[in-house]
Amino acid sequence: MVCLTGCNEPSSYPNRPITLICPWGAGGGTDAVSRQIAAHLETELGVPVGVVNATGGKGVTGHNRGFRARPDGYTLTMATLELNMLHWNGLTDLTYHDCIPLMSVNEDYAAVFVHSDAPWETIADLEAAIRANPKTLTASGTASGGAWHLALAGWLISAGLNADDVVWVSSTGAAPSLKELMSGGVDLVCCSLPEAATQMKNGDVRALGVMSPQPVPGFEDVPTFVDAGYDWTLGGWRGLAVPRGTPADVVKTLTNALDRVTSGETTILVGASQVDGEVVRRRQTFPQFMEEQGYDNTRRGPEEFQRLLAERDEQLGALLTSDVMRSVNRDRFNAATFPNALLAAIGAVLVLLVVQRGLRRSGSASESPIENASLRRRSVSRKGVIACTLFVLAIAVYPLAAETVGFVILSAALLGLMLWSLGNRIPTCAAVTLVVVPIAYQFFAGVLRVPLPRGWWGW
Amino acid sequence: MADPALEPTMTAREAIVTALTQVTDVTTLAVIAASAVYGIFVGAIPGLTATMAVALLVPLTFFLSDVQAIAAIVTTVTCSIFAGDIPATLVRIPGTPASAAYASDAYSLTQRGRHLEPLSVSLVFSVIGGLFGTVVLAAAAPQLARLAGEFTSYENFWLYALGLTCAAIVSHDSRLKGALALLVGMLLATVGLGTDYSVPRLTFGSDHLITGINFIPAMIGLFGISEVLRNVLGLSDRDDAGDMRPAVADGAAKGREPGFSVRRLARERWLSILRSSSIGSVIGMLPGAGADIAAWIAYAVSKRLSPNPKGYGSGSLEGIGDATGANNAALGSAWIPALVFGIPGDSVTAIAIGVLLMKNITPGPKIFDTTDHPEQAVLAFAIYAVFIVANLLLIPIGWFAIHGGSLLIRVPRRILLPVIVLFCLIGSYAMNASYFDVWVMLVMGVLGFVLEAFRVPLGPVVLGIILGGELEHRFIQSITKDASAGAFLGSPISVVLASLILLLWVAPSISAMWRKLRERDA
């Protein structure tokens, strides 16, 4: 609500709200970091910065939305490690070459967790157990082929084992996996340290090791895989980037702003408490937030970030295209199992329905009165059909034209047209349109901060 | 570990007093009141879920104390889950998915000019359910969370299967059509990558479909657009302004006095209120299963045990009361796994945990420990207190919302219908700011229109879309671990859930056969 109107300086960037795309869901780690960055950027740049959770498709959606947006600096993306994986899996042709990296803000390394009652004390114990009984232990942490799955598989290969010697049980994220671990559903969980900080603190799970080059600050007692003698590190980076083609001066403004934010030069209000009747406000910098939450705080500038992207892309590409990893995805059950079962079931139900109807027909000629009534109601006027078609067309025009025309103008036109097609008089159509559209715009764009399409006149 | 709420030590008593002072503080009460109004607004707008309402609150919680932040979240959710019933009743578009179970019931009463009855029933039973959920949260959190903690993928699989079974069974026409609708919904849910495999399915090469079908625009389309299209088709040129008003305007006088229905229901059905609130509480505790499943299951149980199940689907106040009580009861108990394990019961508590961590509070069993962590125990008690205040506040605010909302249906339909389309457009776009979602809404609207013409119920389609992915995920998880029947029925909880499902599917056929046999004998 700080600066919705009255900060219009045309021609200078930025002069309107910025959207920050988070490819992952609300409530998760990337979302928390994105919202925090957005709040700081807002104070630094002086325009609202809204976070949009464009989730789904294992990150395909968010990264594509962010990097295929208009390269004007008004769409930022909180990119994640998945940018280095998706194109190797053939899910998208988007690569890190399609973006201009601005600044990476953190890199959380993968760690391996076991139940607090588990028999293994060290990574070496675990390796011995896997070697003795391959394909008996189960692990979870993310979906099959996700970042943490690759981290575990990469370690297994570096230890001279097969990538599928531990059975990977797909899950939707760290939280449900940790719950499975605690209820005995799986033997291992591979995820980042902050994601399991709560359960570690409560003594429910233990970390056997972390895949970082050095011990992680705040978790110094967790040994690294490197110290345990394995040549394997993997971290999930998070960083801000803009689409390729963004003007250099815009990139510079953003990089400078991010530099100030991540170096702790900006603060936002995080709370107020009353001490002896006086209101004490607590302000916090971005690094303070990251530290408090247990997130890694490594920041990298544009060049370093670019190097990290290239390095990870090569590392994961080698892993994902290797035969060992491919064999993991050739299972007895595959992606088509469930849809095929559903199609078969739908076929069966349709057959049953036809049979049932046939039986009813032959059994008695009388149909239910309800069915008769519904048949009679089907007699419709031509005007109704025309109006109905017009409504469908109006809805179809909206996604096609909104981005060029703009929300207010287009929706006013469509609303007016639909009203008119139902036989309202023109003054009524105009009055309803003039009242409803501005109120809707003000409420959604102003109060709820939905980024409604802007179009010709930014309206 | 003894529950401090039941055995107050000195410190626990102090913690309770501190919590109460914090909640009854003027600023906190103002925050609660503002959140209530905000929650009602967002919940009443189709396309904006309770989760979204809370997500939009997060930046504001930076400016609030921890108790105020939690108060804002709890109140917003409580009010928006109730407010979802308002558009469900008036225009058959559930404001939030939790209202989908009984949207047809409530709307068919509206068509008979009796919209105030379902809304009043929904308000009162929401409050009762909400208060019940709070009591469960306060009294049984640690003990019950231990049971939910034993759920592995097998138990979860059966739980989702049970939820889906209920959705298919409650459809009023035929169980086969219900099953068909459910399967279509689940098939739509498999579009895209799925949770478990990085292989696109049923996407026909489209980049957009890789993400899958987002259920918010799908729900707006299936319930909203299909209804608008049906209405538009029915409006013929003979209709002048007077005819076009729904039966409501003149029928209102004929409707029974809403207070009477509520009092009668509350008097005759206090046992079933307890039953459905308990169902809601138990389901709310399970991770991933939130208010929407609670409503479906409570509705199905209510129908199964009702002396006149025929009325369900065409305006059963009993069904509405039971389901709406259950979805509000689920809200309170969703906090149990969140507070005890730090594992959210639904997406709202996931956000709430984020806010708590931001305020330097780590959820976990220690939150109930008054000796070592009195400041965290205060928060636990404050959450209970806020739930009670929010539910009580819902009565007056909800009353105004009902009467304000009822003005909507006095607007002639030929003006209302285009405006609904506009809000559907914004609502489907707002969630992800995506034009593709608008297309999804349109296609689903036409699909819903066609399915309805063949009298296939739409509710199970939506639930199939929402839960299909979860069911597949648990299924795949379970078979990768151990695909044998022994593993699937390896725990008493699994056996109980599986038998319940079997019973629900076969019981009506068996009882029908039994009846036929007896007729033949007689």
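If you're wondering where the values come from, they're calculated on a predicted model, not measured in any experiment. Along each chain, residue indices are assigned from 1 in the same order as the chain's sequence is written. Note on labels: chains are lettered from A, ligands numbered from 1, in written order. Owing to the predicted nature of the model, reporting of local features is limited to residues with pLDDT of at least 70; listing and counting of side-chain atom pairs is limited to 80 or more, with chain, interface and lining totals taken over all residues. The side-chain figures draw on all heavy atoms in the structure; neither hydrogens nor water molecules are used.

### Quick word on the overall build of chain B
Strands are runs of DSSP state E lasting at least two residues, helices are runs of H or I lasting at least four, and both sets are numbered from the N terminus onward. A count of helices and strands for chain B gives 24 helices and zero strands. Per-residue burial for chain B yields a buried fraction of 65% across its 522 residues. The contact criterion used is simple: two residues touch if any of their non-hydrogen atoms lie within 4.5 Å. Partitioning the contacts of chain B with sequence separation of at least 6, the portion at a separation of at least 24 is 79%. Each residue is assigned to one of three classes by its accessible area relative to the maximum for its type, calculated with a 1.4 Å probe on protein chains only: buried under 20%, partly exposed between the two thresholds, exposed over 50%.

### Concerning the environment of Glu-42 of chain A
Residue and element names in this part refer to chain A. Of note, Glu-42 is situated in helix H1 (residues 29-45). Linking Glu-42 and Ala-257, residues 215 residues apart in sequence, is a C-alpha distance of 9.9 Å. Residues adjacent in sequence count toward polar contacts only when both atoms are side-chain atoms; beyond that, a polar contact is any pair of N or O atoms within 3.5 Å, and within protein one must be able to donate a hydrogen and the other to accept it. Engagement of the side chain of Glu-42 in a polar contact is seen with the backbone nitrogen of Val-49, the distance being 3.0 Å.

### Side note on the packing of aromatic side chains
Centre-to-centre distance and the angle between the planes together describe a pair of aromatic rings. Stacked, tilted and edge-to-face pairs are distinguished by plane angle, under 30 degrees for stacked and over 60 for edge-to-face with tilted covering the rest, among Phe, Tyr and Trp rings (Trp via its six-membered ring) whose centres lie within 6.5 Å. Using the criterion set out here, one finds 22 aromatic pairs over all chains in the structure. Here the aromatic rings of Tyr-299 of chain B and Tyr-312 of chain B are separated by 5.5 Å at their centres, their planes lie at 70 degrees, and the arrangement is edge-to-face. On the criterion of sequence distance, the pair formed by Tyr-299 of chain B in helix H15 (residues 291-305) and Tyr-312 of chain B in the loop between H15 and helix H16 (317-333) is long-range, its members being 13 residues apart. Using a relative accessible area of 2% as the deciding quantity, one classes Tyr-299 of chain B as buried. Given a relative accessible area of 1%, Tyr-312 of chain B falls into the buried group. What links up through ring pairs into an aromatic cluster is the set Phe-338 of chain A together with Tyr-154, Phe-157, Trp-158, Phe-475 and Phe-488 of chain B. Note that Arg-16 of chain A overlies the ring of Tyr-74 of chain A, its terminal NZ or CZ placed 4.1 Å from the centroid. Throughout this description, the term charge over a ring refers to an Arg CZ or Lys NZ atom that lies within 6 Å of the ring centre and within 35 degrees of the ring normal.

### Side note on unusual backbone geometry
With an omega dihedral of -10 degrees, the bond running from Tyr-13 of chain A to Pro-14 of chain A counts as a cis peptide bond. Relative to the helices and strands, Pro-14 of chain A is located in the segment before strand E1 (18-22). The backbone phi angle of Lys-135 of chain A is positive, close to 65 degrees, even though this residue is not glycine. Here Lys-135 of chain A shows up in the loop between helix H3 (123-132) and strand E5 (138-140). Lys-135 of chain A sits in the partly exposed class, given a relative accessible area of 46%. Phi at Arg-92 of chain B takes a positive value of approximately 60 degrees, unusual for a residue other than glycine.

### Focus on the pattern of salt bridges
The salt bridge definition used is simple: a Lys or Arg side-chain nitrogen within 4 Å of an Asp or Glu carboxyl oxygen. Within the structure shown, the criterion is met by 22 salt bridges over all chains. Linking Asp-31 of chain A and Arg-35 of chain A is a salt bridge whose minimum nitrogen-to-oxygen distance equals 3.0 Å. Of this pair, Asp-31 of chain A and Arg-35 of chain A both sit in helix H1, four residues apart, roughly one helical turn. Classification of Asp-31 of chain A by relative accessible area gives buried; the value is 5%. For Arg-35 of chain A, a relative accessible area of 16% puts it in the buried group. Measuring nitrogen to oxygen at the nearest pair gives 3.2 Å for the salt bridge that ties Arg-238 of chain A to Asp-108 of chain A. Residue Arg-238 of chain A is located in strand E9 (residues 235-243), and its partner Asp-108 of chain A is located in strand E4 (residues 99-115); the two are separated by 130 residues in the primary sequence. Residue class for Arg-238 of chain A comes out buried when judged on its relative accessible area of 10%. The exposure class assigned to Asp-108 of chain A is buried, which follows from its relative accessible area of 6%. Within the structure, one salt-bridge network assembled from shared partners comprises Arg-92, Glu-227, Arg-230 and Glu-452 of chain B.

### What to know about the packing of H1 of chain A against helix H7 (residues 248-262) of chain A
Residue and element names in this part refer to chain A. Axis definition: a line fitted to C-alpha atoms, over the contacting stretch in the case of helices. Angles run 0 to 180 degrees between N-to-C directions. Two elements in contact, H1 and H7, have axes whose closest approach is 10 Å; the angle formed by their N-to-C orientations is 115 degrees. What the angle tells us is that H1 and H7 run roughly perpendicular. As for the relative orientation of H1 and H7, their crossing is right-handed in sense. Contact residues: H1 offers Ile-37, His-40, Leu-41, Glu-44 and Leu-45, while H7 offers Thr-253, Leu-254, Ala-257, Leu-258, Arg-260 and Val-261. Roughly parallel refers to an angle under 35 degrees, roughly antiparallel to one over 145, roughly perpendicular to one between 65 and 115, and oblique to any angle outside these ranges. Two helices that cross are described as forming a left-handed crossing if the nearer one is turned anticlockwise from the farther one by less than a right angle, and a right-handed crossing if clockwise.

### Let's talk about the pairing of strand E7 (residues 188-192) of chain A
All names here are of chain A. Among the five residues of E7, five are classified as buried, and the element is accordingly described as predominantly covered. In short, DSSP must find at least two bridges between two strands for them to pair. Strand direction decides the pairing type here: E4 and E7, joined by five bridges, are antiparallel. Across the sheet, the residue bridging to Ala-110 is Ser-192, located in E7. Alignment of E5 against E7, held across two bridges, turns out to be parallel.

### Examining the side chain of His-40 of chain A
Among the structural elements, His-40 of chain A can be located in helix H1. Each residue touching His-40 of chain A, except ones within four places of it in the same chain, is listed here: Val-261, Thr-266, Thr-267, Ile-268, Gln-284, Thr-285 and Phe-286 of chain A.

### Some remarks on the confidence of the model for chain A
Residue and element names in this part refer to chain A. Values of pLDDT, ranging from 0 to 100, describe the predictor's confidence in every residue of the model. Summarising the model, chain A shows a mean pLDDT of 85, and 89% of its residues fall at 70 or more. Every residue in residues 1-10 scores below 50 in pLDDT, and together they form 14 contacts with partners more than four places removed in sequence or on other chains. Note that pLDDT drops below 50 for residues 365-377; the model gives that stretch six contacts with residues more than four away or on any other chain.

### Quick look at the confidence of the model for chain B
Residue and element names in this part refer to chain B. Averaged over every residue, the pLDDT of chain B is 78; the share at 70 or more is 81%. In this model, residues 1-10 is a region of pLDDT below 50 whose contacts with residues beyond four sequence positions or in other chains number 15 contacts. Per-residue pLDDT stays below 50 along residues 237-255; that stretch engages in 22 contacts with residues further than four places along the chain or on separate chains. Under the prediction, the complex receives an ipTM of 0.72, its pTM being 0.71.

### Observations regarding helix H14 (residues 407-421) of chain A
Structural remark: α-helix, 3.6 residues per turn; residues separated by three or four positions point the same way. One less than the number of residues in a helix, times 1.5 Å, gives the span that helix is expected to have. For H14 of chain A, spanning 15 residues, the distance from its first C-alpha to its last is 21 Å, which sits close to the expected 21 Å at 1.5 Å a residue. Buried within H14 of chain A are the following residues: Phe-407, Val-408, Leu-410, Ser-411, Leu-414, Leu-415, Gly-416, Met-418, Leu-419 and Ser-421 of chain A. Contacts from the buried residues of H14 of chain A go to helix H13 (382-405) and helix H15 (426-447) of chain A together with helix H20 (413-430) of chain B.

### Some details on the interface of chain A and chain B
Listed by partner, the interface residues are 99 residues for chain A and 92 residues for chain B. The quantity reported as buried area is the accessible area (1.4 Å probe) lost by two parts once they are put together, taken as the sum for both. Around 8,600 Å² of area is buried between chain A and chain B when both sides are counted, 71% of it from carbon and sulfur atoms. Taken as a group, Lys-179, Phe-338 and Ile-395 of chain A account for 8% of the area that chain A buries against chain B, more than any other trio of residues on that side. Here chain A and chain B share four residue pairs in polar contact (both at pLDDT 80 or more) between them. Element by element, the count of residues in the side of chain A that touches chain B is highest for H13 of chain A, at 14 residues. Looking at side-chain class alone, the side of chain A that touches chain B contains 56 nonpolar, 28 polar and 15 charged residues. Residues were grouped as follows: Ala, Val, Leu, Ile, Met, Phe, Trp, Tyr, Cys and Pro as nonpolar; Asp, Glu, Lys and Arg as charged; and all remaining residues, including Gly, as polar.

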